[in-house]
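Results of the structural survey
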Amino acid sequence: MKKFDVVEKEINGTVYKAQFNGIRASLKAKEMCMTKDGRTDLVKSAEYLLEHVIVEPKGLDVDDFGDINELFEVTSFAVEVANGTYCPSADGKSGENKGEK
């Protein structure tokens, strides 16, 4: 993906648009969301992804989701975009990651 590419995916009837901000931004986000013992802080990670990667709908918060599975589906999409690996398939659904065969 090129820096600042925007892709979209419909999840549970809502269209989410996500922006690839570059590899440096992805690496910095990973560092920011790490705990002292090297684990990912799920709340920090979700908040970062909703604020900096998901560009529409704007202003989402983790508490805006009906259940944790929907939040995880949206943040999983956002992680793929943030890492530059999201590749929609021909039918518009999430496709294979780059490099997979």
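The structure displayed is predicted, hence computed values, not measured ones.

Thoughts on the packing of aromatic side chains
Tallied over the full model, the rule gives two aromatic pairs. Ring geometry for Y16 against F65: centres 6.5 Å apart, planes inclined by 20 degrees, an arrangement best described as stacked. One end of the pair, Y16, is in strand 2 (residues 14–19); the other, F65, is in the loop between strand 3 (54–56) and helix 3 (68–83), with 49 residues separating them in the sequence. Under the relative-accessibility criterion, F65 is labelled buried at 10%. Seen in terms of ring centroids, F77 and Y86 are 5.0 Å apart; in terms of plane orientation they differ by 80 degrees. Their pairing is edge-to-face. Neither residue differs from the other here; F77 and Y86 are each classed as buried.

Observations regarding the pattern of salt bridges
Counted by the stated rule, this structure contains two salt bridges. With a closest N to O distance of 4.0 Å, K17 and E8 form a salt bridge. Here D37 ties to R39 by a salt bridge, and the two come within 3.3 Å at their closest N and O atoms.

Brief notes about the pairing of strand 2
As defined by bridge partners, strand 1 (residues 6–11) adjoins strand 2 across six bridges and the pair is classed as antiparallel. Each residue of the ladder has a partner; that of E10, found in strand 2, is V15. Hairpin connection of strand 1 to strand 2: two residues between the antiparallel strands, including N12 at a positive phi of 50 degrees. Looking at chain direction, strand 2 and strand 3 are connected through two bridges and run antiparallel. When the sheet's bridge partners are listed, K17 is paired in strand 3 with E56.

Digging into the nonpolar core
Formed by 21 residues in total, the largest nonpolar core has its most connected members in Y16, V53, I54, F77 and V81. Only strand 1, strand 2, helix 2 (42–52) and helix 3 provide two or more residues apiece to this core. The greatest single-element share of this core, amounting to six residues, is contributed by helix 3. Non-local contacts of Y16, meaning those with residues more than four positions away in its chain, are made with V7, E8, K9, I11, I54, E56, P57, L60, F65, E70, V74 and F77.

Structural notes on the confidence of the model for the chain
With 87% of its residues at a pLDDT of 70 or more, the chain has an overall mean of 87. Note on residues 94–101: pLDDT under 50 across the span, and 15 contacts to partners over four residues away in sequence or across chains.

Thoughts on unusual backbone geometry
Residues E56 and P57 are joined by a peptide bond in cis, for which omega reads -10 degrees. Positionally, P57 belongs in the loop between strand 3 and helix 3. Located in the positive-phi region is N12, a residue other than glycine, with phi close to 50 degrees. Residue placement: N12 occurs in the loop between strand 1 and strand 2. Residue classification places N12 among the exposed residues on the basis of a relative accessible area of 56%.

Scoring rules and cut-offs
Residues numbered from 1 in each chain as written. Predicted model: local features only at pLDDT ≥ 70, side-chain atom pairs only at ≥ 80, totals over all residues. Heavy atoms only, no water. Phe/Tyr/Trp six-rings, centres within 6.5 Å; stacked < 30°, edge-to-face > 60°. Helix = DSSP H or I, 4+ residues; strand = E, 2+ residues; numbered from the N terminus. Buried < 20%, exposed > 50% of the residue type's maximum accessible area, 1.4 Å probe, protein only. Salt bridge = Lys/Arg side-chain N within 4 Å of Asp/Glu carboxyl O. Pairing = 2+ DSSP bridges. Core = buried A, V, L, I, M, F, W, Y, C linked by side-chain atoms within 4.5 Å. Contact = heavy atoms within 4.5 Å. pLDDT = per-residue confidence, 0-100.

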